[in-house]
Structures are given as C-alpha cells and as structure tokens.
Amino acid sequence: MMSPKYNIFYNTVGFNEFKLAFKSLFKFNFEDEKKIKKFEKKFAKVLDYKFAFTFATGRMCFYNILSALNVKKGDEIILPSYTCAVVPNALLYKGMKPIYVDISLKNFNQDINEVIKKITKKTKIIYIQNTYGIDCDIKKLKKIEKNFNVSFIEDNTHSMHRSKLSSLKNYYGYFSSDHSKMINTHSGGIVVCNNSKFAKVINKIQKKTPFLSKFIVLRILITYILEFLLLSPRVFSLGRIIQALLIRTGILFYFKDELQLTKPNNYPSRLSSVQAELALLQIAKINKNLSHRRKIASFLESKLKWYNFSKKTINQYSWLRYSFLVKDRKLFEKKFSKNFQLDSWFSTIFHGRDSNFNLLCYKNGSCKNSEFISKHIVNFPTHPAIPFKFLKYTIMKNLKFIKSEIIK
C-alpha cells in the first residue's frame, strides 16, 4: 500500500454519500422537486437566510441573479481582478462591462477604497468575493450602501457561513457545492437572499430553467463515485493518473466553460434532486467541517502569522484553504509533493484562463497586486479528510523552510 498523500480539495465526502450516489445510478429519478425544496429550506435555515434556490453550478447562480436584477447591456459591475474566469464570462454573456479593482496582498480580497473610486453613474452592481473563505472589509462596504444606489452580489463560493452583508437592502448572494468547495455534490450552486420580491423572481427563473439530461447526471454521479475512490489518500498518486485518463476518454464529467466567451449549452441548468440529497448529507456535518478547518487555520496562523488574526477572528471565517505568498512556488510545491497535492490556486488572475485576458476586458498591468499574487500564492489544505496531527507534524518538520520562503 502506498503512503498517504492528501489532495487539496476533494474533502468532505464520506461512505454515506458514496452509497447514496451508487444507489442512485439505478433509479433514474433526478427531478424530484420535494427533495430539492427540502435541501433549499435546510440550507436557508442553517445559513440563516430567508430564501435559497439551487442551480447546476455557482456560475449559473450568478448568471441568474443578473437576470433577476434585469441588467442591461453596458451596465457596469465592479469586481476583483483575481477570480475564476467563469465570473467575467457570465458578465459578458449578459453584455455587462466589468470594471476591475486590485486586491490586498494580505487577505487577497478587493481593495474597497479602490472600489469606491471606481463607482460611476453606470455602476449597477458591486461584486464581493470572500477569497479562500476570508471576509473582505465589511464596514466600508456598508458605508457604500448609504452613499450609492447600487446592488451587492456576494460570491460565497469559498465560504459556508452567514454573510455579514446579508442585512443590506440590495443584497444577493450565492454559494457553491462544487467538488472543490465547502460541501461537495460534484457541481452545484445555491442563490440566497432575504428579499421576498427578489425571491419570487428567482423562483420563476428556476421553474423555467431546464434540468440537465439524465445522461449528464449519470456521468456526474459516476465522476463523484470515482473521485471518492481514486482520490483517497492511500491510492492518490496512482488515482490521479487514472483520473486523468478517464477525463481524456470523456467518462468523467466536468463543466469546462472557462474559455467560452459565448453562452454554452446547458447554461443555465438546474441542480438534480440526487445532488440535493447529497447536499443534505453534507450540510448535516457542516459544523464539524468548519471546526476542523478553523483548528488547522488557527494552528497555521500561530506558526506563520500571515493574517495576524486573533483566534476569535479566525473562528468567524470558513477557511476553504490557508493561503499565503512565497518566493519560489515551484520549489515550495515540490517540497511538499510527497504529502499534499497543493496545486496552488489561483495561479492566474482568472482561474481557468492562462492568457488573452483582454478578452475579459482586462488590461495587463492594471492590477499589479493581483498579477503578483497569482505568481506567488500557495495554499495549505484545511479540509476534514486531512488529519490534524499529520498536517501539524508535516508543518513543524518543515517550518524553517516555510519561514525562509514566505513573503512578508
């Protein structure tokens, strides 16, 4: 048997989810509204929102929020210049104009002072991203609401805690249940809000949105099952090779639309009911999930002091990953390659796109912090599948090296 190696993100799936996914392969009932609504109500309750609506991915949630807000061609949206390519893609599908702002070198979130400078009469929305599960400057954002007539869309895809912005009048948010996120249904997203009028509009949009075909849902379930088996610590090194071969043969399914500048097929789509069932199993253990992540983040912060957070502050955040900057990322990743699959993220300013950022209306050199961070970011895993003792031992063994590489 090989020595264990821990993958950076495939993190929360247990045997109960594996068993449910396997049994569902033979049922072919993927559009059960009662099961979907059961999860949506549970999610809203756990995260303390009034309303929740599911879709096939987080990016489709974002797109549908834009539809519900009735954005027009040429409307401006201010967003961080360090995100996934699917975010500006959704804006381009709607004909909106992205206005990028730089991000902080310390917490990797948008600089709110820069956001304020770029608000104009054409600004329709301010897009808030809590990168790696760390909240941005909430106090300054609340001041914006008082002085400007704009809506706020919060990207909670790295988080799984109630937003401190949700009390804002024009607040709309969304979460993700992608396999890299806090809960894992392979793909999926949840729109949240506290505005009953907006909820009615999103509800209508959801009812008109088609489900994915049964064939695609079956491929999603097969991928979910095989990732559980292939990416487990004891077989991870070999499993990654097999996974790559299965991707090439088209057996595994992933939404791969990062480079598509026109709206792809099956966009938007709805979350299947079997994925809603998987999400119920995941959300039931979210407190344990978060507790483990915060324990790891607290330990790493005590040794590295990257964020200079108190323990109280640490426990307010979700910690999708513990991220910081190093001098030589390739050297750093190689150092830990026997223990972790680090696969640093985001390694470009628009994850999923490596070049031609002008196609997303970005001017090279305009956001220097984002560009610098994308070359030097590394992430340690925080997920429940990685034993705390193993991570602690590995960090302490290599602490001198880490401190020599870290950029302060």
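Scroll up to find the structure this text is about.
Quantities reported herein were computed from a predicted structural model and do not represent experimental measurements. (Residues numbered from 1 in each chain as written. Predicted model: local features only at pLDDT ≥ 70, side-chain atom pairs only at ≥ 80, totals over all residues. Heavy atoms only, no water.)

Student: Describe the overall build of the protein, naming the residues involved and giving the relevant values.
Tutor: When its secondary structure is counted, the protein shows 16 helices and 13 strands. What you see for the protein is a C-alpha radius of gyration of 20 Å, in line with the 22 Å of a compact globule of 408 residues. For the protein, the spread of C-alpha atoms along the principal axes amounts to about 55 × 55 × 40 Å. Put simply, the protein has 408 residues, and 59% of those count as buried. A fraction of 75% describes how many contacts in the protein between residues 6 or more apart in sequence connect residues 24 or more apart. With the model as given, the accessible surface of the protein reaches about 18000 Å², and the carbon-plus-sulfur share is 55%. (Helix = DSSP H or I, 4+ residues; strand = E, 2+ residues; numbered from the N terminus. Rg over C-alpha atoms; globule rule 2.2 N^0.38 Å. Buried < 20%, exposed > 50% of the residue type's maximum accessible area, 1.4 Å probe, protein only. Contact = heavy atoms within 4.5 Å. Areas by Shrake-Rupley, 256 points an atom, 1.4 Å probe, with all protein chains shown as cover.)

Student: Kindly report on the environment of Lys288, identifying the contributing residues and their values.
Tutor: Within the element layout of this structure, Lys288 appears in helix α11 (residues 286-304). Residues Lys288 and Gly133, spaced 155 residues apart in sequence, show a C-alpha to C-alpha distance of 16 Å.

Student: So what about helix α7 (residues 196-208)? Which residues, and what values?
Tutor: Note: α-helices contain 3.6 residues per turn, so residues at a spacing of three or four share the same orientation. If you check α7, its first and last C-alpha atoms are 19 Å apart, about what 13 residues at 1.5 Å a residue would give, namely 18 Å. Those residues of α7 that fall on the buried side of the exposure criterion are Phe198, Ala199, Ile202, Ile205 and Gln206. On an axial view of α7, the arc spanned by its buried residues comes to 120 degrees, and they lie on one face. Residues of α7 that are exposed and angled more than 90 degrees away from the buried face: Lys197, Lys200, Lys204, Lys207 and Lys208. Structurally, α7 contributes buried residues whose contacts are with α2 (33-47), β2 (51-55), α3 (58-68), β8 (171-176) and β9 (189-193). (Expected span 1.5 Å × (residues − 1). Arc of directions from axis to C-beta.)

Student: I'd like a rundown of the packing of aromatic side chains, residues and numbers included.
Tutor: Enumeration over the complete set of coordinates arrives at 44 aromatic pairs. For Lys94, the ring lying beneath its charged end belongs to Tyr63, and the centroid distance is 4.5 Å. Positioned over the ring face of Phe401 is Lys335, at 5.2 Å from the centre of the ring. (Phe/Tyr/Trp six-rings, centres within 6.5 Å; stacked < 30°, edge-to-face > 60°. Lys NZ or Arg CZ within 6 Å of the ring centre and 35° of its normal.)

Student: Explain the pairing of strand β6 (residues 123-129) to me, and be specific about the residues and the numbers.
Tutor: β6 sits mainly inside the fold: six of its seven residues count as buried. Inspection of the sheet shows strand β3 (residues 76-80) paired to β6 by three bridges, in the parallel sense. What sits directly across from Ile77, in β6, is Ile125. Strand direction decides the pairing type here: β6 and strand β7 (residues 151-155), joined by five bridges, are parallel. Directly across from Ile125, in β7, lies its bridge partner Ser151. With helix α6 (residues 138-147) bridging β6 and the parallel β7, this β-α-β connection has right-handed handedness. (Pairing = 2+ DSSP bridges. Right-handed = clockwise from strand over helix to strand, strands pointing away.)

Student: Which residues make up the pattern of salt bridges, and what are the values?
Tutor: It is possible for side chains of opposite charge to pair when their charged atoms get near one another. Taken as a whole and assessed by the stated rule, the structure comprises eleven salt bridges. The residue Arg59 makes a salt bridge to Asp257 at a minimum N-O spacing of 2.3 Å. In this pair, Arg59 sits in helix α3 while Asp257 sits in the loop between α9 (236-248) and α10 (273-283), placing the two residues 198 residues apart along the sequence. Summarising the burial analysis for this pair, Arg59 and Asp257 share the class buried. (Salt bridge = Lys/Arg side-chain N within 4 Å of Asp/Glu carboxyl O.)

Student: Can you break down the sheet that holds β2 residue by residue, with the values?
Tutor: Read across the sheet, seven strands follow the order β2-β9-β8-β7-β6-β3-β5 without closing on themselves; strand pairing throughout is mixed. Here the strands that pair on one side only, and so sit at the sheet edges, are β2 and β5 (97-101). For this sheet, the mean angle separating the axes of adjacent strands, direction not counted, is 25 degrees. Both β2 and β9 contribute to a ladder of five bridges, which runs antiparallel. (Axes fitted to C-alpha atoms, helices over the stretch in contact; angles between N-to-C directions.)

Student: Tell me about the nonpolar core, and please be specific about residues and values.
Tutor: One finds Phe43, Phe324, Phe332 and Phe380 to be the most contacted residues of the largest nonpolar core, which totals 76 residues. Broken down by element, the residue count for this core peaks at seven residues, all from α11. Apart from the residues lying within four places of it in its own chain, the contact partners of Phe324 are Phe108, Leu304, Trp306, Phe332, His376, Ile377, Val378, Phe380, Ile402 and Ile406. The next biggest cluster of nonpolar side chains, apart from the first, holds 57 residues, and it includes Cys61, Tyr127, Val191 and Tyr362. (Core = buried A, V, L, I, M, F, W, Y, C linked by side-chain atoms within 4.5 Å.)

Student: So what about helix α1 (residues 15-24)? Which residues, and what values?
Tutor: Taken together, the buried positions of α1 are occupied by Glu17, Phe18, Leu20, Ala21 and Ser24. Angular distribution of buried residues about the axis of α1 spans 165 degrees; they occupy a single face of the element. Contact partners of the buried residues in α1: α8 (214-230) and α10.

Student: Residue-level account of the environment of Val86, with values.
Tutor: Take Val86: it is sitting in helix α4 (residues 86-94). It is 25 Å that separates the C-alpha atoms of Val86 and Leu245, two residues lying 159 residues apart in sequence.

Student: Can you tell me about the pairing of strand β13 (residues 377-381), naming the residues and giving the values?
Tutor: Within β13, five of the five residues are buried, leaving the element largely enclosed by the surrounding structure. Neither face of β13 is left uncovered, since the one carrying Ile377, Asn379 and Pro381 and the one carrying Val378 and Phe380 both have all their residues buried. Of the strand pairs in this sheet, strand β10 (residues 321-325) and β13 are connected by five bridges, and their pairing is antiparallel. In the sheet register, Tyr322 faces β13, and the bridge partner there is Phe380.

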